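Tertiary structure, described
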Amino acid sequence: MNQTKVVKFGGSSLADAKQFKKVAAIVKAEASRRFVVASAPGKRFSEDIKITDMLYACYDKAAKGHNFDKEFKAIEDRFNSIISELGLDLSLESEFENIKDAFAHRAGRDFAASRGEYLNSMVLANYLGYEFIDPAGYIFFDESGVFDLERTISVLSPKLAETDCAVIPGFYGAMPNDTIKTFSRGGSDVTGSIVARAVNASIYENWTDVSGFLICDPRIIDSPKPITTITYRELRELAYMGAGVLHEDAIFPVRTVGIPINIRNTNHPEDAGTMIVSETAESSKYTITGIAGKKGFSVIQIEKDMMNSEKGFGRNVLRALEKNDVCFEHMPSGIDTMSVIVSTDSLVGKEKSVLDEITFRVHPDKMEIENNLALIAVVGRGMRKARGTAGKLFSALAEARVNVKMIDQGSSELNIIIGVEEEDFETATKAIYDTFVK
Ligand code: ASP
């Protein structure tokens, strides 16, 4: 069994020298932690600015031809203070000079943003005594800017196979023309996953500033219970919940080969965190694994007699949405009714053209858009075995006097999604949590 671990540290874990010391202690605690993926320095306190945001702002000035000395100096100072507080024998002066020159020559926003991870990884590599590997030569995007897993693995795997220990900057790779391209924000998580895949790691540890996922949003439930194990699939169903902890795309490179991801807390390394696994024999403690929800949805309600016997009805409705570049979230239907749920934001300014297009394609008897819907996903692999989950769920909501406007149960029996009025969102979430978890 390959015991190599890939460890990724987020921005808050590498925000200053104090955090660097915690990171080094974690890395050095296990010889198997051989490949480290680093983010750019994040916030040290809540009003602080992340280096990535400082780089974007600095570059925007440079690209307009304005003087950006002050902004650039502030970035240099952040790195220099980490270096001096750690007492490192390292100077980034020539790097700063090259980057400044590239900014003046408009090297691009992605290049600019990527320098946060690049410089921070140089500092961390020096501090740990690890090799520094620039992903510009090993992580690739194709012509259309889509990450190229195959090409990346074919080059990155042999390189890492001959490397003992290395620090690899997160967040970026190279385009076929060698220019730098970044993943979307928070993309160092994706890099960590790619590196884990490339070395066929036994585990991908993602170190951040929370001890994993909680069953429910702590802004709604006071100190909710933690999730110890969650499957990749459950996490996808709870996508609204993962937001902010793990980049959505980070599970794909490791998912197919079954490398688990362990979310850990740099400030509390003693906590076990959450394990994200492919399938788990371990049954969950509660019937449900998590509850996640979001406000801001709209329902397009369509009625037409004999709709169920009209071939291509659903497809035509969806074509109308597609034509207007609107994605749908859910599509519950009855005999003569069909509802399509979309995010309200995606519909803004397009309501009329969506309705006109649906009218043109399917000639409904009646149609209307209703806003202010919240969706709540109740997810759990335990629901497959437990009987009466739906009954319990709806009794709890009825008791809390919540009117359920939509129900959608996935065929995997892994999730039940309900739609409620936005004003009932918190009450409904609490009622569900109290019924299944307390
Ligand atoms: N530094 C980048 C960001 O702030 C990428 C990352 O931290 O994962 O989005």
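Each remark here, short or long, concerns the structure printed above.
Residues numbered from 1 in each chain as written. Predicted model: local features only at pLDDT ≥ 70, side-chain atom pairs only at ≥ 80, totals over all residues. Heavy atoms only, no water.

Remarks on the overall build of the protein chain
A tally of helices and strands in the protein chain yields 15 helices and 15 strands. When its C-alpha atoms are laid out on the principal axes, the protein chain stretches across 75 × 50 × 40 Å. Across the 438 residues of the protein chain, 50% fall into the buried class. Considering only intrachain contacts with a sequence separation of at least 6, the fraction spanning at least 24 residues in the protein chain is 75%. For the protein chain, the accessible area works out to roughly 20200 Å², and carbon and sulfur atoms hold 49% of it. (Helix = DSSP H or I, 4+ residues; strand = E, 2+ residues; numbered from the N terminus. Buried < 20%, exposed > 50% of the residue type's maximum accessible area, 1.4 Å probe, protein only. Contact = heavy atoms within 4.5 Å. Areas by Shrake-Rupley, 256 points an atom, 1.4 Å probe, with all protein chains shown as cover.)

Let's talk about the site of the ligand
Contacts to the ligand come from Ser-39, Lys-50, Thr-52, Glu-117, Phe-171, Arg-185, Gly-186, Gly-187 and Ser-188. Within the side chain of Lys-50, one N or O atom sits 3.2 Å away from an oxygen atom of the ligand. Here Gly-187 contributes a backbone N or O atom positioned 3.3 Å from an oxygen atom of the ligand. Here the ligand loses 94% of its free accessible area of 260 Å² to cover by the protein chains. The class makeup of the residues in the shell around the ligand is 1 nonpolar, 5 polar and 3 charged. (Near = heavy atom within 4 Å. Polar contact = N/O pair within 3.5 Å; in protein donor to acceptor, adjacent residues only side chain to side chain. Nonpolar A, V, L, I, M, F, W, Y, C, P; charged D, E, K, R; others polar.)

Points about the pairing of strand E10 (residues 274-277)
Two elements, strand E8 (residues 229-231) and E10, share 3 bridges in a ladder whose sense is parallel. Bridge assignment links Thr-229 to a residue of E10, and that residue is Met-275. (Pairing = 2+ DSSP bridges.)

Digging into the packing of helix H1 (residues 17-29) against helix H3 (residues 69-86)
Direction vectors running N to C along H1 and H3 enclose 60°, while the axes themselves pass 9 Å from each other. With respect to H3, the element H1 is oriented oblique. Between H1 and H3 lies a crossing of right-handed hand. Here H1 contributes Ala-17, Phe-20 and Lys-21 to the contact with H3, which in turn contributes Ile-82, Glu-85 and Leu-86. A per-class count over the contact of H1 with H3 returns 4 nonpolar, no polar and 2 charged. (Axes fitted to C-alpha atoms, helices over the stretch in contact; angles between N-to-C directions. Parallel < 35°, antiparallel > 145°, perpendicular 65-115°, else oblique. Left-handed = near helix turned anticlockwise from the far one by under 90°.)

With respect to empty space enclosed by the protein
Using the criterion set out here, one finds 2 cavities of 30 Å³ or more in the structure. By volume, the second largest cavity amounts to about 30 Å³. Of all the elements, strand E13 (residues 366-379) adds the most residues to the lining of the second largest cavity, at 4 residues. Of the residues in the lining of the second largest cavity, the class split is 2 nonpolar, 2 polar and 3 charged. (1 Å grid on protein atoms, 1.4 Å probe; cavity = no way out; pocket = protein on both sides within 12 Å on 5 of 7 lines; lining within 4 Å. Points joined across faces, edges and corners; volume = space filled by probe spheres on them.)

Thoughts on the sheet that holds strand E12 (residues 337-343)
Here 5 strands make up an open sheet; going across it, the order is E12-E11-E13-E15-E14 and the pairing antiparallel. Each having just a single partner strand, E12 and strand E14 (404-409) make up the two edges of the open sheet. For this sheet the average axis-to-axis angle between neighbouring strands, irrespective of direction, equals 35°. Across the face of the sheet, helix H14 (residues 389-399) comes into contact with E13, E14 and strand E15 (415-421) while running at roughly 15° to E15.

Some words on the packing of aromatic side chains
Throughout the structure, instances matching the rule amount to 10 aromatic pairs. Ring plane angle 20° and centroid distance 6.0 Å describe the contact between Phe-9 and Trp-207, whose orientation is recorded as stacked. Taken together, the residues Phe-9 in strand E1 (residues 5-9) and Trp-207 in strand E7 (residues 203-208) connect sequence positions 198 residues apart. Here Phe-9 and Trp-207 have matching classes, each one buried. Look at Phe-68 and Phe-72: their rings are 6.3 Å apart centre to centre, the planes differ by 75°, and that puts the pair in the edge-to-face class. Counting every residue linked through ring pairs, the aromatic cluster contains Tyr-59, Phe-68, Phe-72 and Phe-103. A cation over an aromatic ring shows up here: Arg-115 above the ring of Tyr-172, its NZ or CZ 5.3 Å from the ring centre. Geometry around Phe-141 places Lys-181 over its ring, the cationic atom sitting 5.5 Å from the centre. (Phe/Tyr/Trp six-rings, centres within 6.5 Å; stacked < 30°, edge-to-face > 60°. Lys NZ or Arg CZ within 6 Å of the ring centre and 35° of its normal.)

So, the pairing of E15
Buried residues dominate E15, accounting for 6 of its 7 residues. In the sheet, E13 pairs with E15 via 7 bridges, with the strands oriented antiparallel. Counted as the bridge partner of Ile-376 is Ile-418 from E15. Hairpin connection of E14 to E15: 5 residues between the antiparallel strands, including Glu-413 at a positive phi of 55°.

Describing the pattern of salt bridges
Inspection of every chain in the model, using the stated rule, returns 24 salt bridges. Between Arg-109 and Asp-60 there is a salt bridge whose closest N-O contact spans 3.0 Å. With Arg-109 in helix H5 (residues 109-128) and Asp-60 in helix H2 (residues 51-63), this pair connects stretches of sequence that are 49 residues apart. Asp-356 serves as the salt-bridge partner of Lys-352, at 2.7 Å between the closest nitrogen and oxygen. (Salt bridge = Lys/Arg side-chain N within 4 Å of Asp/Glu carboxyl O.)

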